[in-house]
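Listed below, chain by chain, are the residues.
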Amino acid sequence: EEETLTDYYHNKMGGGKKNKVNGTGKVLAKSKLKMKKGNLGKSRTSSNVSRYVTRNEALNKLQLKLSDFRRLCILKGIHPREPKKKVKGQGKTYYHAKDIAFLLHEPLMKTFRELRAHERKIKKAKAKKHFNQVDRLREHKPMYTLDHLVKERYPTFLDALRDLDDCLTLVHLFALLPAAKRHGIPQNIVAKSRELSLEFQSYVTRKRALRKVFISVKGIYYEAEIRGEPVVWLVSHNMQQTLPEDVDYRVMLTFLEFYISMTTFVNHQLYHEDNLRYPPVLDVALEDAATGAVAIVHELKKKIENATLVAQARENAAKAKADDDVNDDEEKQRRKRSVDFEEEGVKEEKSSRDDDCAAQPETNNKRAKIGFEEEEEDKEDKEKDNKKFTIPERDSKLRERFNAKLVAKATTTTSTLNIRGRGHAFKKQREEEDEINDEKLDEIEPRDKKLTPLEAQVRDFKRKYPSVLLLFEVGYKFHFYGKDARKAAETLNVFAYPGKTWLQASGPVHRLAVYVRRLVNAGHKVGVVRQTETAALKAEGSTKGSVFTRELVALYTKATMDAGVSIAAEPAHTNNESDEAQKAVDIIENKTDREGEGDEDLQGVVITNNHRKISTTMSNITADEQQHRLSNYLLCISEEKKSERGNKDEIALVAIETSVGNIYYSHFEDDSSRSRLESALLKISPCEILFAGGGGGEEESSSSKETKRLVSALFPDARVEQSTSSVSSLSKAEIDEYFGSNNSEKVAGLPRLLIATLAAAREYLVPFKLENVLKLSKAIKPLDDVQSEMILSPNAIRQLEIFRNSDDGSFTGSLLWLIDHAKSKAGSRELSRWVSRPLRDRAEIENRLSAIETLRSVNSAPTSVLALEKLEKILRTAPDVERVVARAHHLNATPAEFVAAMQFFLSFGAACVEMQHSALLNQNDEKSPLNELLSACADEATLRACTKALNALDLTVANSRAGNLGCSRDAYVGLFLRENEDNQKQFPEMFRAHDNLEKSKATMDALLPDLAAQIPGIIKCAKLSYTSVGGASGAEYLIEVGDKLKPPNDWIKVSANKSKKVIRYHPPIVLENMKSLDANSERLALACEDAWKSFLKEFSRVSYGECRQAAKAAAKIDALNALAILSMNDGYCRPEFFKEEEENEDGTARIEIVEGRHPTLDAKMVDKFVPNSASLGGAQSSGESRNDITRRRRRAMILTGPNMGGKSCFARQVALIAILAHIGSFVPAKSCRLSVLDGIYTRAGAADNLALGQSTFFQEMSETSAILKSCTKKSLVVLDELGRGTSTTDGIALATATLRMLVEKVQCATVFVTHFSNLAKQFKESNADEVFCCFPSHMKTNDEKDSKRIAFLYTLEEGVAHRSFGLNVASMAGIPEKVLEVAEVKSLAFEEKSSRKSAGSDEVVGDKMIRDALLLESSNIAQIKETQRALRFFAPVK
């Protein structure tokens, strides 16, 4: 006697108190029941009840719905059982209890429950009409993968291969099925199946693994041998698939979901084990060939069937011929009778219809209008149906003719080339047909079609803005038309459909922000056309029956997105702790995905002081993310050719950051290599480029092909546009009007070409309403200030990895990546500007170093560190105040971001005051650089302006409403406080509109007593009130009346609520007053929007300058703090600059670095980098040891030695330390003393420039030429392996001549890396006072397997390396041993031959030089002897 499972679950799941009855009818005791209860998975007895459960019991146990339970059973391989004794009944489905217990531990259970809860949330949000919440929920739908099931079911890869037959068959089947919503087959599943099937076919084709092919009625069977295992799969014939109705596609899709994961795993494993790229690049030509082959097979089958039918027809021809005459006579008579019968029927029907119309004229008159409308609709439906049927008929005729030709050609040859050609022919025919239809749909001015008023409005806008992708607001959606719809469909993945006139696509208003950002990021110029006329105001106006008035309210490109009219902004990118944690998680995930790439992204430097711990772990930020975080420059380029100056061209640049207000200009002459232009482009990194100077005619712009090639090569993703400006010069009045009184004098003194470029840039910004950025005070600055800023050549920016690494072009690993510890976006922008423009002003550099040293000491002091931490916290959570202030100047700032910026100025100013009162800063001079920046942030005038602005606004309203392009029109209502006297004086119209609205509301409230009196049976003391449903038009100001009461008949019923037993009505008088209420509401919204624009304009006029200076000061404090954090790394020191009395008398530069380290490599390697010293500039002082390299101060350093020995790393290290010192940062060295340099020039690596049509050697020589023309005595030049791109003799000759010019004529500090040991020996002897040689040390290892392997010590030693050890490096790289043996023999032979040649030639050259010296100075015997001593090295080697 046991308790049944039904009763047990009834009690377990809360079914109430139910008496438990045994088989004899006796009630069991509770104690006995407890003893008999147990878990399902626990074996209690050997009966069927303990081992099997029904499906309903399993669903209750697992808490799943039936569909999810079926999917889970299929995925886990759980199937129903058939017990011997079905205790619960014969019609129920049973499962083993252990299987159900096994499912309890499946991770998918949790996801299925989350999906179920997610569906409920969406359903509730839809019921409440919270569509924004529905979209957010759909975007955050719980996701899951089936990878763990594949690993669980197939422990080894061979197990998966053995069970691949059904998997491949089902995947190939769905690859050919159509995506049908009626059957629940999604399009992405079909596309994924096709992708996986093509990947597997590509692998089989590449590895030639196909063994057998068999064609049957079902399809084509393939058998391949993979890893020794036979794999067989079926591919259905490529024909039109008819989906049967008696198939459960949900079950098939569940199997397919698992099989897709399994096929992905198999494909990935196969490709990676064979070192093939995955996913593969599929050959389009092969796909076309396959299409052609299938078509040929299909047509040949048709031909065979037709031939069979013809043969049968010929056999019956004799019999049919005798009966043809008789059948023809009978058919003619039958047709004649049917025609007569039809004519009589038509006449009778017409006469009866006329009689009916005459008998009932009144009925026909009443229904005339309805009948006319129905006839019109019928005509339209017939026309649509005719169109639907005529197009396929035309296509079928074309297809039949084409197929006939194809079959005729298919019988002549079966070559692969012809098959591929037929595939292309099919494709070309489809493309031509699509193009014909597309051209008609894309025409914005269709022929022979009458346009509706809305379509005419769209046409007018497209005529006015032909190059702009326009979004039109129509009701509650935004629409695209014509070509814009096609572009939107490609970029946004929305559906484009043929409309009545042209192609259309649409999207909801709340997705406007997403659409605009995606389109702009794709490189389009996007315009938003909105309805500027509301329904309420239009009903009262004179344009009641016309189309809504629309205007272009916003225009966006990549460079103007952040400064333009605000759209619904994406989540703020603040550098808070959660973001840093998320970045760390991303780094770990990226690391697991990239096998064998090392731990560089996870490595960092952690410094622990007594009072504070600072981590400098570098986050893995991509170059695109960093570019978005910093600046979006619009670059305008003009160019003029100067024939009288040879190959020099005059170039003018204007770079405008509209969202911040920074404007830089540059004017220079450049040769065909465009080295100066490249340097400027790398510093700016524009996202949008405007070519000016052509006036929009046939000549286009004056920019040359070299310039355009360089731009496209450096910035392929930048948006490029041709300016239509034809302005060549400006008058004084125009300059004052365009650039304001603050900038007019500066602009008037600029060259003519530069003024024309500024005018072109302004004309481009006028449609965006951003032209006032050119009037900002002190905004227009030169890009390269030669007097105060160091020159960085384009090679130095690129080869020293200033902004991006040379490995993958990403931000990680660059110099800016190392130093960017800024907490705000403005601080990061300031650091980027400092790095691209190092200083030449010694006083300014010392000011930065002093400020950094002060902040460094503050970090170590427990009494002052709290104030600094408060500053960092405010900066970390602050908005981008520079951009907010600029947007306020453009009248585009939203209330929320404006309030956030004002609150930042107040809180940051208070924190700066607290910082100034700290102990350490009190000891410093009040005029110290850091104190001046803190005072600028705490300026009283700025704080007063911010306080005044905040006092005028209701902060709750400002923070709760977006105020952007995608929001409602009442976003500014209630923003201004009425208690503020300044608001009452400044915005009287707004408050007047507010009073009118309140009067309308009061009028509506006054109607309630009269309305209550009109309802019979209502309680006299009861009070009516208005209610709203959904807040939509027509659902406000409703009167709820009980369903048993009967209001007047003229009350309009709107809705009912059965649970409350009420009915909602709209009385006529309420509707009449609602019109006035809505109109006043719209007037108030417009007045509030105008008041906000006026408020921003007044604030910008009075306080823009102070706020911009405070924002700049805050950015500089953030940048200095970032450099202070860097300086706290172990081994960093403060650089010292030589005073004037310590400089060389000849004016050359001096650099002395003791135990310096490469900045970025040192941060990544963490205590593994070997330091080295460098001394350049001046002659060796007497008494110094020749072996003490740290004390050598000669002008040039020649590095020779083995490959991979660290020569290039050392050369870059010297340049990077010099750059860090000139931006005012601490440097990674034990000590560093140097002169103020005017430029750093580098030439390293070997790479061609295909975009400019330059070979590797030409590029090398062009870079060297630019260096020789630009460098001075105060420059640092780094040349790495010059002359490597040509023959040995030419390379040595060019390298020798270049180095001699740098050492003897230019006399600049030079680091020269070469493998030409003879060159180093020659300079060591001839220029011993100006040049010294060194090489990285190494030693031979005791590796028994590889006796040639050497170990690099990376420490520099004086001297010339006797060889480069190229064969050793080749051995380390894995070159075959036989190749190395032959190469070693050849190398020894070449060395012996060259030594013999050099001995004889040296003797001849030495004798010739002595003779020349004797002829020049025959009377000076002392000089002759000195020359002989200098040429002793020319003695022949015996």
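Note that the structure is a prediction, hence the values are computed from the model and not measured.

Scoring rules and cut-offs
Residues numbered from 1 in each chain as written. Predicted model: local features only at pLDDT ≥ 70, side-chain atom pairs only at ≥ 80, totals over all residues. Heavy atoms only, no water. Salt bridge = Lys/Arg side-chain N within 4 Å of Asp/Glu carboxyl O. Helix = DSSP H or I, 4+ residues; strand = E, 2+ residues; numbered from the N terminus. Buried < 20%, exposed > 50% of the residue type's maximum accessible area, 1.4 Å probe, protein only. Patch = residues over 30% accessible without salt bridge, like charges linked within 9 Å, V, L, I, M, F, W, Y side chains within 5 Å. Areas by Shrake-Rupley, 256 points an atom, 1.4 Å probe, with all protein chains shown as cover. Contact = heavy atoms within 4.5 Å. Polar contact = N/O pair within 3.5 Å; in protein donor to acceptor, adjacent residues only side chain to side chain. Pairing = 2+ DSSP bridges. Disulfide = S-S within 2.5 Å.

Before we go on, may I ask you to explain the pattern of salt bridges in this structure?
Opposite charge on two side chains lets them pair, provided their charged atoms get close. If you walk through the whole model with that rule in mind, you get 49 salt bridges. The partner of K76 in a salt bridge is E106, with the nearest N and O atoms 2.7 Å apart. Of this pair, K76 sits in helix α5 (residues 66-76) while E106 sits in the loop between α6 (97-103) and α7 (108-127); the two residues are 30 residues apart in sequence, bridging distant segments of the chain. On the accessibility criterion, E106 (5% relative accessible area) is buried. Linking E1263 and R1243 is a salt bridge whose minimum nitrogen-to-oxygen distance equals 3.3 Å. You can see E1263 sitting in helix α46 (residues 1256-1270) and its partner R1243 sitting in strand β32 (residues 1239-1243), a full 20 residues away along the chain. Per residue, the accessibility class of E1263 equals that of R1243, and both read buried.

What am I meant to see in a nonpolar patch on the surface here?
On the surface, L210, V213 and I215 cluster together to form a nonpolar patch covering roughly 270 Å² of accessible area. Given a relative accessible area of 38%, L210 falls into the partly exposed group.

Explain the environment of Y144 to me, please; I cannot follow it from the model alone.
Mapped onto the elements of the fold, Y144 is located in the loop between α8 (131-139) and α9 (147-153). In this view, Y144 contacts R71, L108, T111, F112, L115 and E257; residues no more than four positions away in its chain are not counted. A polar atom in the side chain of Y144 sits 2.3 Å from the side chain of R71. For Y144, the side chain forms a polar contact with the side chain of E257, separated by 2.6 Å.

Mind showing me how you'd approach the sheet that holds strand β10 (residues 526-531) here?
Spatially, the six strands line up as an open sheet ordered β8-β9-β7-β6-β10-β11, and their pairing is mixed. Unpaired on one side and paired on the other, β8 (497-498) and β11 (550-556) mark the two borders of the sheet.

Looking at this structure, how should I read the side chain of T560?
As for its position among the elements, T560 is in the loop between β11 and α23 (577-593). Engagement of the side chain of T560 in a polar contact is seen with the side chain of T557, the distance being 2.9 Å. Among all residues touching T560, those that are not within four sequence positions of it are L555, T658, L765, F768 and L770.

Can you walk me through the sheet that holds strand β21 (residues 1026-1027) in this structure?
Two modes of strand pairing occur in sheets, parallel and antiparallel, and in both the strands are linked by backbone hydrogen bonds. Taken in spatial order, the four strands make up an open sheet running β21-β22-β24-β23, and their pairing is antiparallel. Strands at the two margins of the open sheet, each flanked by one partner only, are β21 and β23 (1052-1057).

Can you help me understand the state of the cysteines in this one?
A covalent bond between the sulfur atoms of two cysteines is what we call a disulfide. Following the criterion strictly, the structure yields zero disulfides and no others. C912 forms no disulfide, and the closest cysteine sulfur to it belongs to C937, at a distance of 4.3 Å. Overall, the relative accessible area of 0% leaves C912 in the buried class. Take C1334: it sits in no disulfide, and the sulfur closest to it among the cysteines is that of C1333, at 7.5 Å.

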